[in-house]
Amino acid sequence: MKKCFSTLIILIISLPIFGQNYWQQEAHYKMDVDFDATHHQFEGLQNLTYINHSPDTLTQVFYHLYFNAFQPGSMMDVRSKTIIDSDRRVGNRISKLKPTQIGLQEIWSLEQNGVFLDFEINETILEVSLAESILPNDTVEFRMKYKTQVPIQIRRSGRMNSEGIDYSMSQWYPKLCEYDKDGWHANPYVGREFYGIWGSFDVTIHMDSKYTIAATGVLQNPDEIGHGYSELTLDTIPTKLSWNFKAEKVHDFVWAADPDYTHEIIQNDNGPNFHLFYQQGEKTKHWKDLGKYMIRTFEYANKHFGEYPYPHYSIIQGGDGGMEYPMATLITGHRSLKSLVGVSVHEAMHSWYHGLLATNEALYAWMDEGFTSYASNRIEYEFFPEDFPGIHEGSYKSYKRIANSHYEEPLCTHADHFDTNWAYGVASYSKGVVILDQLSYIVGDEVVERSLKRYFDEWAYKHPDARDFKRIVEKESNMELDWYFEYFVNSTKTIDYGIHEINKKENGTLITLKKGEMPMPVEFEIEMNDGRLSNYYIPTVLMRGEKEVESGTKILEDWPWTNTHYSINIDHKPSEIKVIRLHNTGQIADVEPLNDNVTVPRKWNWDKHKLKLQILEKKKKKGIQKTMKMKKVAL
Ligand SMILES: [Zn+2]
């Protein structure tokens, strides 16, 4: 206990000093795990030091018991069987688990400062009545004894994954729920997204000596157990080895174990070392090339998104796809080189947006998956430009597809509560990329670049939310951006600017644009018949500012958001204009491209007719086909 307390003092000093209004809770776990690999069970002892930095008095606490989700009839089971597009990895598999295959977390006892507590297990949440309220700034010691059965792997964690990794141990220990300015977050585990308390882990795992263990944190006793950096070979190998890992300034702890892991260490002079754990074989032959891509990934990310602070990063074969944890990832390993690099880059980039900028993912999945995908798209583009026609084009396409369907749900939907997995996936990944990339259209690339760095510098090791990110970009751009996030996060209203009509005027041409549901600044380009180009920029009045535009671009009057149409006078005759192109700089998720570009017809009697553009919808056998029509309207 004394030892634990001294670690604590160091951590309190080393955690950043927060502004007056910001606070967050603090948790330091010391855990001992005695693993029985024959029965896939373990007994755990958990000492948890919890510091209440909130201004509130806490009368109860909650723990996550994630493994209890893997039991027939659980909320996760019901959800998976009732959602219309169930995750194929789960399907109805939970309902078929036998007693020896289920996940089970039994709590034997729980003490608060030495006093035994009453508690109730409500499936994946442990509800605890405290013996004594925890006052603001109080520190309490919880001591828990528990027993766990590791389930057959269904989703993320469990035993015997599809590639034969024995144990993928994520969401494996009773984890105190986070309490923040919005109160408790005791979400039942039905599908996804996590949120943890900042602090430290000191974990000792006693396990059959045939296993190699990979984990969050730094192995403390390599010499003693003959693993890790150690060259030592033990004379007599005991039946069990005791692995001790420590991790500081993290909010979760993952580990994995397999008797056939190869452990490779890639030294990296300019950043963290990489630890690779995988089963060697034909299907994992590309792992030997992974190190050099990882070195470049962290180099790029350190430069553009903030400095990765931990001494190493582990890529561990395990899990059921790719999943991020502090200082580590579990990925499936039988992959082509591009797929292996792609998933590793994505998961590594989570170190920034999940590992260090630990938003509540359930509420702000787009700030985790979206920002991570944005960063990984940029890095993958550096590696394999041939696979990316545009860096984020895939994300724009995926967003537009759902925006034009009836399935889209707003980004502010809680991650577990989307009606479909499709809507969740697009909202958090694709629209999450778009919301960030599209900011460039409003504030400019350089401001976005500066904002990402400042966001990291000001909010790493905390729990930023959407407002915190918005304020950073507002400060960097000197613009008001609440409208952008209100529309794009809290609603499913779409952007659809279009060219409405072209009209001959005495001294030139009157071009009228129309607006869709959501206001945005508008950029467009006019190409003359002789090849000359003119660029125009219309800020939306809501921005209260303008981005820096290229010299020569004409900045027009603000577009009042209440106005459905906006007209511009051009000093050229309509017959001189060849094409008008909206959004010529790209980076805007305009959901209707048909009215964005117009080639002005050569044969048009401008003295008699103006040109009106109309989108026509024809019902065809296989769905609705849209076409654009140019209509003559008498002057
Ligand atoms: Zn991800």
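As the structure is a computational prediction, the values presented were derived from the model and not from experiment. (Residues numbered from 1 in each chain as written. Predicted model: local features only at pLDDT ≥ 70, side-chain atom pairs only at ≥ 80, totals over all residues. Heavy atoms only, no water.)

A. Fine view of the packing of helix H8 (residues 421–437) against helix H12 (residues 482–490). Contact geometry of H8 with H12 gives a least axis separation of 11 Å together with a crossing angle of 170°. What the angle tells us is that H8 and H12 run roughly antiparallel. Taking contact as the criterion, the partners of Lys 431, Val 434 and Ile 435 in H8 are, on H12, Tyr 484, Phe 485, Phe 488 and Val 489. The residue makeup of the contact of H8 with H12, split by class, is six nonpolar, no polar and one charged. (Axes fitted to C-alpha atoms, helices over the stretch in contact; angles between N-to-C directions. Helix = DSSP H or I, 4+ residues; strand = E, 2+ residues; numbered from the N terminus. Parallel < 35°, antiparallel > 145°, perpendicular 65-115°, else oblique. Contact = heavy atoms within 4.5 Å. Nonpolar A, V, L, I, M, F, W, Y, C, P; charged D, E, K, R; others polar.)

B. Here's a closer look at the pairing of strand E14 (residues 199–208). Burial runs high along E14: nine of the ten residues are buried. One ladder, built from eight bridges, connects strand E1 (residues 26–36) with E14; its direction is parallel. Bridge assignment links Lys 30 to a residue of E14, and that residue is Asp 202. Where E14 lies against strand E17 (residues 240–250), ten bridges are found, and the strand directions are antiparallel. Each residue of the ladder has a partner; that of Asp 208, found in E17, is Lys 240. (Buried < 20%, exposed > 50% of the residue type's maximum accessible area, 1.4 Å probe, protein only. Pairing = 2+ DSSP bridges.)

C. Representation of the coordination of the zinc ion within the structure. All of the protein donors around the zinc ion are His 346 (NE2), His 350 (NE2) and Glu 369 (OE); their distances to the metal are 2.0 to 2.1 Å. Read N to C, the donor residues that coordinate the zinc ion are spaced as H-x3-H-x18-E. Taken together, the residues His 350 in helix H5 (residues 337–356) and Glu 369 in helix H6 (residues 365–383) connect sequence positions 19 residues apart. Take His 350 and Glu 369: they sit in the same class, and that class is buried. (Donors = N, O, S within 2.8 Å, 3.2 Å for Na, K, Ca; no water.)

D. Focus on the sheet that holds strand E27 (residues 533–538). Read across the sheet, five strands follow the order E28-E27-E26-E30-E31 without closing on themselves; strand pairing throughout is mixed. With one partner strand each, in any of the chains shown, strand E28 (554–555) and strand E31 (597–599) form the two edges of the open sheet. Sheet topology note: the strand E30 (residues 577–582)/E31 ladder contains three bridges and is antiparallel. Bridge pairing in E31 links Val 579 to Thr 599.

E. Summary view of H6. Over its 19 residues, H6 extends 26 Å from the first C-alpha to the last, a length consistent with the 27 Å expected when each residue adds 1.5 Å. Among the 19 residues that make up H6, 17 are buried, leaving the element largely enclosed by the rest of the structure. (Expected span 1.5 Å × (residues − 1).)

F. The arrangement of the sheet that holds strand E20 (residues 273–279) in detail. Strands sit in the order E19-E20-E21-E23-E22 across an open sheet of five strands; the sheet is mixed. Taken across any chain shown, the strands that pair with only one partner, and hence form the sheet edges, are strand E19 (261–266) and strand E22 (322–325). In this sheet, neighbouring strand axes are inclined to one another by 15° on average, regardless of whether the strands run parallel or antiparallel. Two elements, E20 and strand E21 (residues 312–317), share five bridges in a ladder whose sense is parallel. Bridging across to E21, Asn 273 finds its partner in His 312. Here helix H4 (residues 290–305) sits on the sheet and contacts E19, E20 and E21; the angle it forms with E20, its principal contact strand, is near 145°.

G. Structural view of a nonpolar patch on the surface. On the surface, a nonpolar cluster with roughly 340 Å² of combined accessible area is contributed by Ile 84, Tyr 407 and Trp 422. Since its relative accessible area comes to 43%, Tyr 407 is described here as partly exposed. (Patch = residues over 30% accessible without salt bridge, like charges linked within 9 Å, V, L, I, M, F, W, Y side chains within 5 Å. Areas by Shrake-Rupley, 256 points an atom, 1.4 Å probe, with all protein chains shown as cover. Salt bridge = Lys/Arg side-chain N within 4 Å of Asp/Glu carboxyl O.)

H. Spatial organisation of the pattern of salt bridges. Per the counting criterion, the structure on display carries 34 salt bridges. Several salt bridges share partner residues, and in doing so they unite Asp 87, Arg 89, Arg 155 and Asp 320 into one network.

I. Structural context of the domain arrangement of the chain. As far as domains go, the chain holds domain 1 (23–197) and domain 2 (498–634). Domain 1 and domain 2 are separated by 56 Å when their C-alpha centres are compared. (Domains from an automatic or database assignment.)

J. Focus on the packing of aromatic side chains. Counted according to the given criterion, the structure contains 56 aromatic pairs. Ring geometry for Tyr 22 against Trp 459: centres 5.4 Å apart, planes inclined by 85°, an arrangement best described as edge-to-face. Of this pair, Tyr 22 sits in the loop between helix H1 (2–14) and E1 while Trp 459 sits in helix H10 (residues 445–459); the two residues are 437 residues apart in sequence, bridging distant segments of the chain. By relative accessible area, which is 12% here, Trp 459 ends up buried. The positively charged end of Lys 462 is found above the aromatic ring belonging to Tyr 22, 5.8 Å away from the centroid. (Phe/Tyr/Trp six-rings, centres within 6.5 Å; stacked < 30°, edge-to-face > 60°. Lys NZ or Arg CZ within 6 Å of the ring centre and 35° of its normal.)

K. How the structure looks around the confidence of the model for the chain. Predicted confidence across the chain gives a mean pLDDT of 94, with 96% of residues reaching 70 or more. Here residues 1–14 is a poorly scored stretch, pLDDT under 50, and it has 17 contacts once near neighbours within four places are set aside; other chains count. (pLDDT = per-residue confidence, 0-100.)

L. Structural view of the nonpolar core. Core analysis: the biggest nonpolar cluster contains 185 residues, and Phe 142, Trp 172 and Trp 255 have the highest contact counts within it. Broken down by element, the residue count for this core peaks at nine residues, all from H5. Here this core gathers at least three residues from each of two domains, domain 1 (23–197) and domain 2 (498–634). In this structure Trp 255 touches Phe 35, Tyr 167, Ser 168, Met 169, Trp 172, Ile 205, Met 207, Ile 213, Ala 214 and Ala 215, once residues within four positions along its chain are discounted. (Core = buried A, V, L, I, M, F, W, Y, C linked by side-chain atoms within 4.5 Å.)

M. Representation of unusual backbone geometry within the structure. The phi torsion at Arg 156 lies on the positive side, around 65°, for a residue other than glycine. Along the chain, the position of Arg 156 falls in the loop between strand E8 (139–149) and strand E9 (158–159). Classification of Arg 156 by relative accessible area gives buried; the value is 5%. Positioned with a positive phi, Arg 544 is a non-glycine residue whose angle comes to about 50°. Structurally, Arg 544 can be placed in the loop between E27 and E28.

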